[in-house]
Amino acid sequence: MNVHFVVHEAFESPGAYETWVRERGHEASYSRVHAFEALPASVENIDLLVVLGGPQSPATSKEECPHFDAAAECDLIVRAINANKAVVGVCLGAQLLGEALGAAHGHSPEKEIGNFPITLTEAGKNNAKVAHFGDALDVGHWHNDMPGLTARAKVLAVSEGCPRQIVEYGDLVYGFQCHMEFTAEVVERLIAASPDELAAALDCRFVKQPAALRTNAYEQMNLKLFEFLDKLMAHYQRQTND
């Protein structure tokens, strides 16, 4: 299977998603938009589209960020969904996913940077793809905003700082405001790229500073993410073969 990544910045790595691709023997392709690489003209050869995070918001204009075209990414997402492909949005990607489906993103009640627990809702506990996360799971965060909700969207997980951590938009379409793909290397890149952001957030109760960020462990949440992806792609294959 081919997994296509939309990468907004050099420091916003796919992280554990690439580990999963490699370990499962899948193929990876990329649109590194920060390097002005084009988005796919066709979704025919994509099985899973993963739209990653970034410092932008869906409201960021091309004048503000010449390499970021929110409308074009939303169009790609809609084309993938309409072609019955699997789609996962992460952080900014989750917000773009909601926007693509007509749900405006919003501002999170709290800024979150670091590892903090998410808690499954009843919908999450009853969802076979994420129920293995357990009632609560420590995961990575690095955000100010959160995805919008469509009429059929189901919130599967929340945190103390944000009420929309994992959203199911469809059987094959999921938004993750949280970062279960974080690894120590990915977080180190984010720290290096964000000194001003971190310094300005000293008084935020859900923001950890670099020394604390470097003590976080990511292996458990990475493994939980892998199981989610295995289940998602098994569902995709069943639907494709029907």
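Residues numbered from 1 in each chain as written. Predicted model: local features only at pLDDT ≥ 70, side-chain atom pairs only at ≥ 80, totals over all residues. Heavy atoms only, no water.

Colleague: Can you walk me through the sheet that holds strand β2 (residues 27-32) in this structure?
Modeller: Strands sit in the order β2-β1-β3-β4-β9-β8-β7-β5-β6 across an open sheet of nine strands; the sheet is mixed. Edge strands, defined here as strands with exactly one partner in the open sheet, are β2 and β6 (136-146). Each strand axis lies, on average, 25° off the axis of its neighbour in the sheet, ignoring direction. In this sheet, strand β9 (residues 173-176) lies alongside strand β8 (residues 166-170) in antiparallel orientation, the contact comprising four bridges. Bridged to Glu 168 within β9 is Tyr 174. Lying over the sheet, helix α1 (residues 16-24) contacts β1 (2-7), β2, β3 (48-51) and β4 (86-90), oriented at roughly 165° with respect to β1. (Pairing = 2+ DSSP bridges. Helix = DSSP H or I, 4+ residues; strand = E, 2+ residues; numbered from the N terminus. Axes fitted to C-alpha atoms, helices over the stretch in contact; angles between N-to-C directions. Contact = heavy atoms within 4.5 Å.)

Colleague: How should the packing of aromatic side chains be read in this particular structure?
Modeller: The geometry of an aromatic ring pair is captured by two quantities: the separation of the ring centres and the angle between the planes. This structure, assessed with the given rule, holds five aromatic pairs. Ring centres of Phe 116 and Phe 206 lie 5.6 Å apart, and the angle between their planes is 90°; on these two criteria the pair is classed as edge-to-face. Placement of the pair is Phe 116 in strand β5 (residues 106-120) and Phe 206 in the loop between α6 (195-200) and α7 (210-213), with a sequence separation of 90 residues. You can call Phe 116 buried: its relative accessible area is 13%. Each ring, one from Phe 176 and one from Phe 228, has its centre 5.0 Å from the other, and the planes form 65°; the classification is edge-to-face. (Phe/Tyr/Trp six-rings, centres within 6.5 Å; stacked < 30°, edge-to-face > 60°. Buried < 20%, exposed > 50% of the residue type's maximum accessible area, 1.4 Å probe, protein only.)

Colleague: Before we go on, may I ask you to explain unusual backbone geometry in this structure?
Modeller: Among all residues except glycine, the phi angle is most often negative; among peptide bonds, the trans geometry is most common. Although it is not a glycine, Phe 36 sits at a positive phi angle of roughly 65°. Mapped onto the secondary structure, Phe 36 falls in the loop between β2 and β3. Look at Phe 36 and you get exposed, because its relative accessible area is 60%. Unusually for a residue other than glycine, Cys 91 sits at a positive phi of about 55°. Looking at the secondary structure, you find Cys 91 in the loop between β4 and α3 (92-100).

Colleague: Mind showing me how you'd approach the nonpolar core here?
Modeller: Taken as a class, soluble globular proteins show a tendency for nonpolar side chains to be buried jointly. Counting residues in each nonpolar core, the largest one holds 48 residues, and the members touching the most others are Leu 48, Phe 133, Phe 176, Met 180, Phe 228 and Leu 232. Residue contributions to this core peak at eight residues, all from helix α8 (residues 219-241). Discounting chain neighbours no more than four positions away, the residues touching Phe 133 are Leu 120, Ile 166, Phe 176, Met 180, Lys 224 and Phe 228. Residues Val 6, Val 33, Cys 74 and Ile 77 belong to the second largest nonpolar core, which totals 23 residues. (Core = buried A, V, L, I, M, F, W, Y, C linked by side-chain atoms within 4.5 Å.)

Colleague: Would you mind going over the packing of helix α2 (residues 70-82) against α3 with me for this structure?
Modeller: Geometrically, a packed helix pair is captured by the angle between its two axes and the distance between the axes. Their axes nearest at 9 Å, the elements α2 and α3 cross at an angle of 70°. When the axis of α2 is compared with that of α3, the two are roughly perpendicular. Contacts between α2 and α3 involve Ala 70, Glu 73, Cys 74, Ile 77, Val 78 and Ile 81 on the former and, on the latter, Leu 96, Leu 97, Glu 99 and Ala 100. When its residues are assigned to classes, the contact of α2 with α3 shows eight nonpolar, no polar and two charged. (Parallel < 35°, antiparallel > 145°, perpendicular 65-115°, else oblique. Nonpolar A, V, L, I, M, F, W, Y, C, P; charged D, E, K, R; others polar.)

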